[in-house]
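# Analysis of the macromolecular model
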Amino acid sequence: MSNSTHTFAVDPRNTDIQININGDLFPREKAVVSVFDSGFILGDGIWEGLRVHDGVIPFLDQHLKRLWEGAKALDLDMGLDKAELAERLYDTLDANGMKDHVHIRLMVSRGIKSTPYQDPAVTISPPTIVMIPEYKSPDPSLNDRGVRLYTVYVRRGYADVQDPRINSHSKLNCIFGCIQAAKAGYDEALMLDPHGHVATCNSTHFFIVRDGEVWTSSGDYCLDGITRRNVVNLCKANGIPVFEKNFSVMQAYGAEEAFVTGTFAGLTPVFDIDGREIGDARRGPMVDRLQGLYRDLLNHEVDRHQQGNAE
């Protein structure tokens, strides 16, 4: 893999994982879905990426809230409630003996169709719900190496075309951005909105630091990421000026620091955008402080969950 926020070391334990499909467990080599599944045929579905820390899935309530909002937008009946889905997630972890350094891909499609056609009316099964847990840890050297972003031609579009605030399986615009950045020799794509303002990256959320202030996009043209929202809230709670606003790539070039956020790697510094070094091209004091605050938040979330289970 490239030097990206999703870089990880191959773990041989992943060859023997049990994957949950609609409540049943299958070994990796036998975990399959139908060629008539809505997700395969059309990308008709929603998903979440989850982390496991010390036996706990942090911020699971926020992830499930977002998943259910996406299902509502797609007029997709989940077929179970949030508590039942959470129980299935933890049952899957238990079946695999997983406690830490784990990433879960939770995917929900509309279900199996009677024929390859887009109309939801030809769906003949309940939703397909897949949980893939894998041992994955972010590359720790990224803190010192940083990531390099490339501003791509493909934009995050208007909600009346395809709402970028829905975490859907239909990710072609992000994939186009990812391909262009990779072809240019960079790690990830920086994507603009229809007005030329910075929107987000192809798989993470983007922040800059200017004059002691933390800026991120308005959020109008990107998913409201769980880590993104937690970082914004951490800034507010700790007296750090933070703004969700429109800003240009030029303003990003002139930032003292930049970083990206995501469930997998947390906060990762950005050292280069389009060949321009950002600040001193090293992890700065604001990123260092926010990484510490985020670690504390994760630990608090784990403690809160464990205490709740003990009561």
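Presented here is a report on the structure given in the accompanying data block. Keep in mind it's a predicted model, so treat the numbers as computed, not measured.

Next up on the list: the packing of aromatic side chains. Within the structure shown, the criterion is met by 6 aromatic pairs. Between Tyr158 and Tyr221, the ring centres sit 6.0 Å apart and the planes meet at 70 degrees, which makes this aromatic pair edge-to-face. Linking Tyr158 in the loop between strand 6 (147–151) and helix 5 (159–162) with Tyr221 in the loop between strand 10 (213–216) and helix 7 (226–237), this pair joins segments that are 63 residues apart in sequence. Looking at Tyr158, the relative accessible area reads 37%, which means it is partly exposed. Assessed through its relative accessible area of 13%, Tyr221 is described here as buried. Note on Phe206 and Phe247: the rings are 6.4 Å apart at their centroids and 35 degrees apart in plane angle, and the pair reads as tilted. Residue Phe206 is found in strand 9 (residues 205–210), and its partner Phe247 is found in the loop between strand 11 (242–244) and helix 8 (249–253); the two are separated by 41 residues along the sequence.

Below, the discussion takes up unusual backbone geometry. In this structure, Asp75 takes a positive phi of about 55 degrees despite not being glycine. Mapped onto the secondary structure, Asp75 falls in the loop between helix 2 (60–73) and helix 3 (82–96). Positive phi, normally seen in glycine, also occurs at His101, with a value near 55 degrees. The residue His101 is located in the loop between helix 3 and strand 4 (102–109) in this model. Residue class for His101 comes out partly exposed when judged on its relative accessible area of 45%.

What counts as what
Residues numbered from 1 in each chain as written. Predicted model: local features only at pLDDT ≥ 70, side-chain atom pairs only at ≥ 80, totals over all residues. Heavy atoms only, no water. Phe/Tyr/Trp six-rings, centres within 6.5 Å; stacked < 30°, edge-to-face > 60°. Helix = DSSP H or I, 4+ residues; strand = E, 2+ residues; numbered from the N terminus. Buried < 20%, exposed > 50% of the residue type's maximum accessible area, 1.4 Å probe, protein only.

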